[in-house]
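Read off the chains here:
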Amino acid sequence: MALLAALLATVLCLSSQIKAQLVVGFYNSRCPRAESIIWEEVLKAFLKDKGIAPGLVRAHFHDCFVRGCDGSLFIDSTPTNVAEKDGPPNGITLRGLEVVDNAKARLEAECKGVVSCADILAYAASDSVVITGGRGWGVPAGRRDGRISRAAETIDIPGPFQNLDQITQAFAKKNMTQDEMIALSGAHTIGRSHCTSFSNRLYDFSPANSQDPSLDRFLAALLKIQCPQGPQGDVDPNLVVPMNRSPALFENSYYRDILAHRVVLTSDQTLITSPESLSEVREYAFNEREWQEDFADAMVKMSQIEVLTGTAGEIRSNCRVINP
Ligand code: HEM
């Protein structure tokens, strides 16, 4: 009997370690001003540059999809390691990371070695949604920072040329459903895209159609002006366009744009290629509140992918460099 009780206790203890939970209000006693310092830094940066908000929301997604939400996105490359931030989907398209550096510097001065870079980004993403008019969420925290960051692993991040099945699979690999993926894609209601993320739809779509027939022709004409081809047929990799007509406003017009074939990325347009996904896009297009709620719930779930807690990993003192 005693043996059975000991066995049960060990199993319970092990399972609680495996499921180490993040909690809302994690820093209330550990570093009481942490959340307000992060909010101040996000707000200050946003007032100078509205692109900070979409940059931080996307950065959180990219951090979570590679080795979990462990702040590995911030680590700089070294002569012996090409880090995530220099992997194909990141590079020049990332923005807003300096906001996390600034918040980190203030937090280290306030409570040294307490607040992880991964948590700062999770808060900053929620703040960014609130600042642009969306519904925030209680951010579960207590993440620790990882010590590994490899560009090759960014292959886990879905790409703009992928179809519904491929994107659904990329999310399933992270234990996220297709419904959650569709809700999260609504983040594309803010921000910008580089022309090279969709220029194939304008000039080089298929042998039969140089232009993607699923792209509204008026939008295509506008995008061709914004993203002209150079003499060699290439498009300047630095050119960007807004994701939609209100790129600093977190609202559900993204879904109506999909229905009207007025979204720039193939990966967005592909969301209406199955009856089930089409019906979810329709639902969100006409039910703002439902989407905002589902978006927030899916963000909370995404933000807990493969997190490090307890004594795993570290609290980096500089988000760009692993501790010595
Ligand atoms: C479903 C699969 C997804 C694909 C294929 C995808 C792809 C992309 C691409 C290609 C861009 C443009 C980047 C550039 O050229 O500058 C972009 C921008 C963006 N993505 Fe996604 N994304 C996906 C899902 C998500 C999710 C889940 C989120 C967040 C929850 C997100 C948030 C954003 C934001 C906010 C931007 C604008 C970034 C900025 O303005 O700097 N995306 N995405």
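Residues numbered from 1 in each chain as written. Predicted model: local features only at pLDDT ≥ 70, side-chain atom pairs only at ≥ 80, totals over all residues. Heavy atoms only, no water.

- Looking at an unreviewed UniProt entry, one finds the chain named Peroxidase, with Coffea arabica as its source organism.
- The heading Catalytic activity (unreviewed entry) in the UniProt record of the chain holds the text "2 a phenolic donor + H2O2 = 2 a phenolic radical donor + 2 H2O".
- Regarding the chain, the relevant UniProt record gives this comment under Function (unreviewed entry): "Removal of H(2)O(2), oxidation of toxic reductants, biosynthesis and degradation of lignin, suberization, auxin catabolism, response to environmental stresses such as wounding, pathogen attack and oxidative stress." (UniProt positions renumbered as here; feature names shortened; annotations may be inferred.)

## Quick notes on the coordination of the iron atom of the ligand
- The protein supplies the iron atom of the ligand with one donor atom, His 188 (NE2), which lies at 2.1 Å.
- Take His 188: it is sitting in the loop between α7 (178-185) and β3 (192-194). (Donors = N, O, S within 2.8 Å, 3.2 Å for Na, K, Ca; no water. Helix = DSSP H or I, 4+ residues; strand = E, 2+ residues; numbered from the N terminus.)

## Here we look at the side chain of Asp 127
- Counting through the fold element by element, Asp 127 comes out in helix α5 (residues 117-131).
- Despite its burial, Asp 127 remains without a salt bridge, the nearest opposite charge being carried by Arg 106 at 11 Å.
- Setting aside residues up to four positions removed in sequence, Asp 127 forms contacts with Ile 38, Trp 39 and Val 42. (Buried < 20%, exposed > 50% of the residue type's maximum accessible area, 1.4 Å probe, protein only. Lys, Arg positive; Asp, Glu negative; His and termini not counted. Salt bridge = Lys/Arg side-chain N within 4 Å of Asp/Glu carboxyl O. Contact = heavy atoms within 4.5 Å.)

## Structural notes on the state of the cysteines
- In this structure the tally under the stated criterion is four disulfides.
- Covalently, Cys 31 is tied to Cys 111 through a disulfide, its sulfur atoms 1.8 Å apart. Taken together, the residues Cys 31 in the loop between β1 (23-24) and α2 (34-48) and Cys 111 in the loop between α4 (97-110) and α5 connect sequence positions 80 residues apart.
- The side chain of Cys 64 participates in a disulfide bridge whose partner is Cys 69; the two sulfur atoms lie 2.1 Å from each other. Of note, the bridge from Cys 64 to Cys 69 carries an S-S torsion of about 115° and is right-handed in sense. Side by side, Cys 64 and Cys 69 carry an identical accessibility label, which is buried.
- Each disulfide of the chain joins two cysteines, and with those cysteines numbered along the sequence the arrangement is 1-4, 2-3, 5-8, 6-7. (Disulfide = S-S within 2.5 Å.)

## Concerning the UniProt feature "binding site: Ca(2+) 2" (unreviewed entry) in the chain
- Summarizing the sequence annotation, UniProt attributes the feature "binding site: Ca(2+) 2" (unreviewed entry) to Thr 189 in the numbering used throughout.
- Take Thr 189: it is sitting in the loop between α7 and β3.
- Overall, the relative accessible area of 0% leaves Thr 189 in the buried class.
- Those residues in contact with Thr 189, other than ones at most four positions away along the chain, are Asn 244, Ser 246, Pro 247, Leu 249, Phe 250, Glu 251, Ser 253, Tyr 254 and Trp 291.

## Things to note about the packing of helix α12 (residues 275-286) against helix α13 (residues 288-302)
- Packing of α12 against α13 leaves a shortest axis separation of 5 Å and a crossing angle of 115°. One finds that α12 runs roughly perpendicular with respect to α13. Here Glu 283, Tyr 284 and Phe 286 of α12 lie close against α13, whose contacting residues are Glu 288, Glu 290, Trp 291 and Asp 294.
- Taken together, the residues that form the contact of α12 with α13 break down as three nonpolar, no polar and four charged. (Axes fitted to C-alpha atoms, helices over the stretch in contact; angles between N-to-C directions. Parallel < 35°, antiparallel > 145°, perpendicular 65-115°, else oblique. Nonpolar A, V, L, I, M, F, W, Y, C, P; charged D, E, K, R; others polar.)

## Some words on the domain arrangement of the chain
- Once the domains are mapped, the chain shows domain 1 (22-157) and domain 2 (164-301).
- Its C-alpha centre places domain 1 at a distance of 24 Å from the equivalent point of domain 2.
- Counting from both sides, the interface comprises 21 residues of domain 1 and, opposite them, 20 residues of domain 2.
- Together domain 1 and domain 2 conceal approximately 1,800 Å² of surface at their shared face, both sides included; 68% is due to carbon and sulfur atoms.
- Our enumeration of links across domain 1 and domain 2 arrives at three salt bridges.
- Of the charged contacts, one joins Glu 293 and Arg 135 as a salt bridge, the two residues approaching to 3.9 Å between their closest N and O atoms.
- Our enumeration of links across domain 1 and domain 2 arrives at five residue pairs in polar contact (both at pLDDT 80 or more). (Domains from an automatic or database assignment. Buried area = accessible area lost by both parts, 1.4 Å probe. Polar contact = N/O pair within 3.5 Å; in protein donor to acceptor, adjacent residues only side chain to side chain.)

## Some details on the UniProt feature "binding site: heme b" (unreviewed entry) in the chain
- Those residues carrying the UniProt feature "binding site: heme b" (unreviewed entry) are His 188 in this numbering.
- Note on His 188: relative accessible area 26%, which makes it partly exposed.
- Those residues in contact with His 188 that sit more than four places away from it in its chain are Met 243, Asn 244, Tyr 254, Leu 265 and Asp 268.

## Section: the pattern of salt bridges
- Considering all chains together, one arrives at 21 salt bridges under this definition.
- Measuring nitrogen to oxygen at the nearest pair gives 2.8 Å for the salt bridge that ties Lys 173 to Asp 156. In this pair, Lys 173 sits in the loop between α6 (164-172) and α7 while Asp 156 sits in the loop between β2 (140-141) and α6, placing the two residues 17 residues apart along the sequence.
- A relative accessible area of 59% places Lys 173 in the exposed class.
- Among the ionic pairs, Lys 174 bridges to Asp 156, the shortest N-O distance being 2.9 Å. Here Asp 156 lies in the loop between β2 and α6 and Lys 174 lies in the loop between α6 and α7, a separation of 18 residues in the sequence.
- The class for Lys 174 is buried, based on a relative accessible area of 8%.
- Given the relative accessible area of 18%, Asp 156 is considered buried.
- Overlapping salt bridges bring together Glu 40, Glu 41, Lys 44 and Arg 106 as one network.

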